[in-house]
Amino acid sequence: MLLSIGNPQMIRNLNEYLILEVIVQHDSLSRAEISRRTGLSKPTVSSAVQNLLHHQLIAEIGQDDSNQQGRKGQLLSFNPTVFYIVTLDIGADYIRTGLTDLAGTIIQTGHFPLHTSDNGQTMLEHLKTHIDQLITAATIDWDDVRFLSAGIPAVVHPEDGTIHTLLPQFEQYRAVLSSSSLASLFPCEILLDNDVNLATIAEKEYGAAQLVEHMVYVSLGEGVGAGIMIDSKLYRGLSGSAGEMGRCLSRTGDDQRLEEQIGGAGIRRLIQQYSDFHPDAETAHTIRRWDIEMLMNQARQGNNDAQKMIEQYGQQLSLSLINLASMLAPEMIVFGGEIGEHADLFIPTIQKQMEQYAPVCPQLTTTMLTGKGVIQGAAWSGIHRAFQYIREDMLVVGGKMLFAEQGEKE
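Residues numbered from 1 in each chain as written. Predicted model: local features only at pLDDT ≥ 70, side-chain atom pairs only at ≥ 80, totals over all residues. Heavy atoms only, no water.

For helix α8 (residues 264-276), spanning 13 residues, the distance from its first C-alpha to its last is 19 Å, which sits close to the expected 18 Å at 1.5 Å a residue. Listing the buried residues of α8 in full gives Gly264, Gly266, Ile267, Leu270, Ile271, Tyr274 and Ser275. Tucked into the core, α8 has its buried residues touching α7 (258-262), α9 (281-288), α10 (292-300), α11 (304-328) and α12 (337-340). (Helix = DSSP H or I, 4+ residues; strand = E, 2+ residues; numbered from the N terminus. Expected span 1.5 Å × (residues − 1). Buried < 20%, exposed > 50% of the residue type's maximum accessible area, 1.4 Å probe, protein only. Contact = heavy atoms within 4.5 Å.)

In the numbering used here, UniProt assigns the "domain: HTH marR-type" (unreviewed entry) feature to residues 14-58. For residues 14-58, helix accounts for 73% and strand for 7%, while the C-alpha atoms at its two ends are 16 Å apart. (UniProt positions renumbered as here; feature names shortened; annotations may be inferred.)

Bringing the nonpolar core into the picture now. Leu220, Met245, Tyr313, Leu317, Phe335, Phe346 and Met354 are the most contacted members of the largest nonpolar core, which totals 37 residues. Residue assignment for this core shows that the elements contributing at least two residues are β11 (215-220), β12 (224-230), α7, α8, α10, α11, β14 (332-336) and α13 (347-357). With 9 residues, α11 is the single largest residue contributor to this core. Setting aside residues no more than four positions away along its own chain, methionine 245 makes contact with Val218, Val224, Gly225, Ala226, Leu258, Ile262, Ser320, Leu321 and Leu324. Formed by 35 residues, the second largest nonpolar core is a distinct cluster that contains Trp142, Leu148, Leu167 and Cys188. (Core = buried A, V, L, I, M, F, W, Y, C linked by side-chain atoms within 4.5 Å.)

This part covers the pattern of salt bridges. In total, this model carries 11 salt bridges according to the counting rule given. Its salt-bridge partner being aspartate 89, residue arginine 96 comes within 3.3 Å of it at the nearest N-O pair. A residue is classified by how much of its surface remains accessible, and aspartate 89, at 4% relative accessible area, is buried. A salt bridge links arginine 268 to glutamate 222; the shortest N-O distance between them is 2.9 Å. Highlighted residues: arginine 268 in helix α8 and glutamate 222 in the loop between β11 and β12, separated in sequence by 46 residues. For arginine 268, a relative accessible area of 39% puts it in the partly exposed group. (Salt bridge = Lys/Arg side-chain N within 4 Å of Asp/Glu carboxyl O.)

Here we take up the pairing of β11. A regular strand carries its side chains on alternate faces of the sheet. With 6 of its 6 residues buried, β11 lies for the most part within the structure. Burial along β11 is two-sided: the residues Met215, Tyr217 and Ser219 and Val216, Val218 and Leu220 are all buried. Looking at chain direction, β11 and β12 are connected through 6 bridges and run antiparallel. Paired with methionine 215 across the strands is methionine 229, a residue of β12. Joining the antiparallel neighbours β11 and β12 is a turn of 3 residues. Across 5 bridges, the pairing between β11 and β14 is parallel. (Pairing = 2+ DSSP bridges.)

Here the focus is the packing of aromatic side chains. Tallying each qualifying case throughout the model produces 7 aromatic pairs. Here phenylalanine 78 and phenylalanine 387 contribute two aromatic rings whose centre-to-centre distance is 5.8 Å and whose plane-to-plane angle is 35°, an arrangement assigned as tilted. With a gap of 309 residues between them, phenylalanine 78 in strand β3 (residues 74-78) and phenylalanine 387 in helix α14 (residues 373-409) connect regions that are remote in the sequence. We note that phenylalanine 78, like phenylalanine 387, is buried. Between phenylalanine 83 and tyrosine 389, the aromatic rings sit 6.1 Å apart at their centres with planes inclined by 75°, giving edge-to-face as the arrangement. Note that phenylalanine 83 is positioned in the loop between β3 and β4 (84-90) and tyrosine 389 in helix α14, a separation of 306 residues in sequence. Both residues of the pair, phenylalanine 83 and tyrosine 389, count as buried. An aromatic cluster is built from Phe83, Phe147 and Tyr389, whose rings are joined through pairwise contacts. (Phe/Tyr/Trp six-rings, centres within 6.5 Å; stacked < 30°, edge-to-face > 60°.)

Turning our eyes to something else, we now look at the layout of surface pockets. A volume near 770 Å³ is recorded for the largest pocket. As for the largest pocket, its lining consists of 46 residues, and the residues nearest its centre are Pro153, Asp195, Val196, Ser219 and Gly223. At the level of elements, β4, β5 (94-100), α6 (195-206), β11, β12, α7, α12 and α14 are the ones that each hand at least two residues to the lining of the largest pocket. Sorting elements by how many residues they give to the lining of the largest pocket places α6 first, with 4 residues. (1 Å grid on protein atoms, 1.4 Å probe; cavity = no way out; pocket = protein on both sides within 12 Å on 5 of 7 lines; lining within 4 Å. Points joined across faces, edges and corners; volume = space filled by probe spheres on them.)

Quick look at the structure:
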């Protein structure tokens with residue numbers, strides 16, 4: 001631990017990280033240009049660059065041809081492949097996987113289904129095999145992977161990573177989805193977060209909400225959840241449980257959760273009820289065979305029955321969103337998830353209701369990151385932790401070791 005603000009080692013570490021930040025922000029810089037941009041002396045820059053090269057955080061990529069006079073310096077560039085991050089999106093019936101470098105470039109992606117017959121240990125074994133293959137396909141090994149960042153359908157405590165409030169179909173995996181269980185299988189640091197929180201971060205960093213400070217991401221699928229961004233910062237609440245929208249009561253007195261009304265089960269029930277009361281038996285039989293995806297496709301194709309069901313669904317969803325907008329007054333609500341990705345179909349109904357009843361009417365939009373939000377949020381989380389590790393551990397410890405080695409040689 002660095003104990004004094006005047007500690008020479010700490011000053012060296014701060015200089016090294018400052019120089020690394022400047023290099024990351026630009027495609028390539030010479031030592032002289034780094035000195036000019038940071039205000040650090042050329043000897044200080046040279047010493048810091050030597051340590052960054054030692055750790056392979058940067059690389060020399062060729063001569064600086066911009067200087068027409070005198071000796072040409074070497075251009076320095078950030079090395080985003082100094083280590084990698086495995087990313088996971090654990091959904092209701094699938095796991096999406098990815099491998100990314102520190103620039104956020106996705107190197108490999110994968111996907112495999114979850115089977116109800118799988119127990120927790122079997123699922124972990126399949127996951128380990130799949131990720132091993134992903135890493136092999138990228139021609140790297142586990143020594144090159146520093147973090148595994150996963151989004152899971154559960155409340156995750158932001159301090160200790162403990163999980164609770166899993167989706168019912170995930171209860172069989174509760175034990176194996178813990179940080180300690182995953183750490184016993186994968187030789188890297190484990191980062192767990194709620195999947196909707198990660199999708200919210202991704203939407204703010206890369207998607208529709210990049211230009212707003214206050215937004216809510218609403219995930220509509222088998223489960224229902226919300227991510228809340230206030231002043232461009234994710235609001236987690238007590239024990240990380242903010243945004244558990246699906247657990248709100250939809251009606252007083254019957255203990256029905258909102259998730260049961262507007263999640264996947266609610267839409268399937270809506271389809272069943274609509275077919276049961278349809279006056280035409282043949283049409284009713286056809287509607288009864290629809291799943292959620294078919295319902296959405298039929299609505300897009302102009303099917304009158306499908307459009308009526310979508311409008312009814314929008315009406316059901318409107319009440320909770322009006323309450324949400326009244327409490328938080330976000331600038332934007334972004335819809336995602338398997339149902340939310342079709343939000344353009346029911347946004348007009350919600351918009352009309354909000355204009356009539358809500359004190360403020362936020363912009364309503366569909367995610368720009370269809371199917372990728374959780375993975376991209378997991379990558380962002382991993383990269384954020386990686387640079388924290390570089391700043392607080394890698395340069396501090398490594399810097400001391402390097403200078404000690406230099407002292408011995410002298």
